[in-house]
Amino acid sequence: MPNSKEIKSRIKSVKNTGKITKAMELISTVKMKKAQEAVVGLRPFALATLAILAKIAQNDDVLGIFAKSPKVTKELIVLVAAQKWLCGGYNTNIFKKTTEYIRDDKDTPYTREYHYITIGKRARDFILRTGQHLVADFSDEMKDPLTPAESRRMVRAVVDLWKTENYAKVSIVYNQYVSAISQVPTVKTLFPVNREDIFSFLEKYAGGKYIPENYEGAYTIEPDAETIVTMTIPLILDGIVHETLLEAKASEHASRMVAMKNAKDSANKKASGLTLVYNKTRQAAITKEVSEIVSGVESMKDA
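Keep in mind it's a predicted model, so treat the numbers as computed, not measured.

S.K.: Account for the sheet that holds strand 4 (residues 169-179), with residues named and values stated.
M.R.: If you trace the 5 strands from one edge of the open sheet to the other, you get 3-2-1-4-5, paired in mixed fashion. The sheet is open, and its two borders are formed by strand 3 (133-137) and strand 5 (182-191), each paired with just one other strand. Strand after strand, the sheet turns through a mean of 25 degrees between neighbouring axes, direction not considered. As judged from the 7 bridges shared by strand 1 (residues 74-80) and strand 2 (residues 113-119), these two strands associate in the parallel manner. Bridge pairing links L76 to H115 in strand 2. On top of the sheet, helix 4 (residues 121-129) reaches strand 1, strand 2 and strand 3; it is set at about 150 degrees to strand 2, its chief contact.

Have a look at this one:
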């Protein structure tokens, strides 16, 4: 059984760990709230874009190359994970979802080849460790808090890759933020673009279903609707991907907040248990010393 000095040292160590995890919990809470507020900031962008798209994109034909899937067997997956560990099952759930998606993908009768763009060092490590084809890594470019300019660079790279017609589909795998204690691993299709998906996204962040203007006349569009859509779709994708990355960040911080709270509670519980053991050990040592003193006094009387 360890002596009192060793137990006291362990108590101090556990309490220090509890202080660190509590600080990490508070930091994650603040970062999570900032990510939530940033999502709300997309509303003006959504309203403006929705008003434009509602008039000029009446069908998928006008979406051009963005809505047409090339006849190839390769798919590009944007994998979003955390920069670090210590966030509960956040990273593990993403990797499991990606593995399940590849295994259960039955959209085509043939086997697809998967290429990856990674965001987050843990995502990059996972792809390299499993021997997958890594096209690009944006882990070092995505800061916290995330800015639209940072996510825009990644979107432009994805758009350029799609225009090469080397991929039949582009998807993004991330943790969707539901609440502080619930994050859902999700697969979202970026290309081919679906008009209903775009309207659903814009309406969600515009604050409700879009109601068209009363004006029924034709708009004069220069140079033409296709050119406007070609310029607008990448901007909408900027918003979609930026919102997705913000949700992933909020999910990461929420998961880390809960993990650190559990670690803090465990540290406090462990410290309480060790304190009890320390008190019992100390009491036993005092009792032993008293017994030895009494025995010594009795021995002196007999002498």
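Further notes follow.
S.K.: Tell me about the pairing of strand 1, residues and numbers included.
M.R.: Burial within strand 1 is extensive, with 6 of its 7 residues counted as buried. In this sheet, strand 4 lies alongside strand 1 in parallel orientation, the contact comprising 5 bridges. Following the sheet pairing, E75 is matched in strand 4 by K169.

S.K.: Got a sec to walk through empty space enclosed by the protein? Specific residues and values, please.
M.R.: According to the stated counting rule, one finds 1 cavity of 30 Å³ or more in the structure shown. Considering the residues around the largest cavity, the lining is formed by 14 residues, among which V80, A81, I119, M142 and K249 are closest to the centre. When residues of the lining of the largest cavity are assigned to their parent elements, the largest contribution, 4 residues, is made by helix 7 (residues 225-302). Here the lining of the largest cavity is composed, by residue class, of 9 nonpolar, 3 polar and 2 charged.

S.K.: Explain the pattern of salt bridges residue by residue, including any values.
M.R.: Tallied over the full model, the rule gives 10 salt bridges. Where E243 meets K188, a salt bridge forms, and the shortest distance between an N and an O atom there is 3.6 Å. Note that E243 is positioned in helix 7 and K188 in strand 5, a separation of 55 residues in sequence. Classification of E243 by relative accessible area gives buried; the value is 1%. For K188, a relative accessible area of 21% puts it in the partly exposed group. A network of salt bridges, in which partner residues are shared, links R122, R124, D125 and D137.

S.K.: How would you sum up the side chain of S251? Please name residues and give values.
M.R.: Examined against the element boundaries, S251 turns out to sit in helix 7. Judged by its relative accessible area of 0%, S251 is buried. If near-sequence neighbours (up to four positions away) are discounted, S251 is found in contact with Y90, N175, Q176, Y177 and Q183.

S.K.: An account of the packing of helix 3 (residues 90-104) against helix 4 is requested, with residue identities and associated values reported.
M.R.: Any two packed helices are characterised by how steeply their axes cross, that is the angle between the axes, and by the distance between the axes. Put simply, helix 3 and helix 4 touch, their axes get as near as 11 Å, and they point 45 degrees apart. Looking at the two axes, helix 3 sits oblique to helix 4. Two packed elements cross with a definite hand, and for helix 3 against helix 4 that hand is right-handed. Contacts between helix 3 and helix 4 involve N91, F95 and T99 from the former and R122, A123 and F126 from the latter. Within the contact of helix 3 with helix 4, the residues separate by chemical class into 3 nonpolar, 2 polar and 1 charged.

Criteria and cut-off values
- Residues numbered from 1 in each chain as written.
- Predicted model: local features only at pLDDT ≥ 70, side-chain atom pairs only at ≥ 80, totals over all residues.
- Heavy atoms only, no water.
- Pairing = 2+ DSSP bridges.
- Helix = DSSP H or I, 4+ residues; strand = E, 2+ residues; numbered from the N terminus.
- Axes fitted to C-alpha atoms, helices over the stretch in contact; angles between N-to-C directions.
- Contact = heavy atoms within 4.5 Å.
- Buried < 20%, exposed > 50% of the residue type's maximum accessible area, 1.4 Å probe, protein only.
- 1 Å grid on protein atoms, 1.4 Å probe; cavity = no way out; pocket = protein on both sides within 12 Å on 5 of 7 lines; lining within 4 Å.
- Points joined across faces, edges and corners; volume = space filled by probe spheres on them.
- Nonpolar A, V, L, I, M, F, W, Y, C, P; charged D, E, K, R; others polar.
- Salt bridge = Lys/Arg side-chain N within 4 Å of Asp/Glu carboxyl O.
- Parallel < 35°, antiparallel > 145°, perpendicular 65-115°, else oblique.
- Left-handed = near helix turned anticlockwise from the far one by under 90°.

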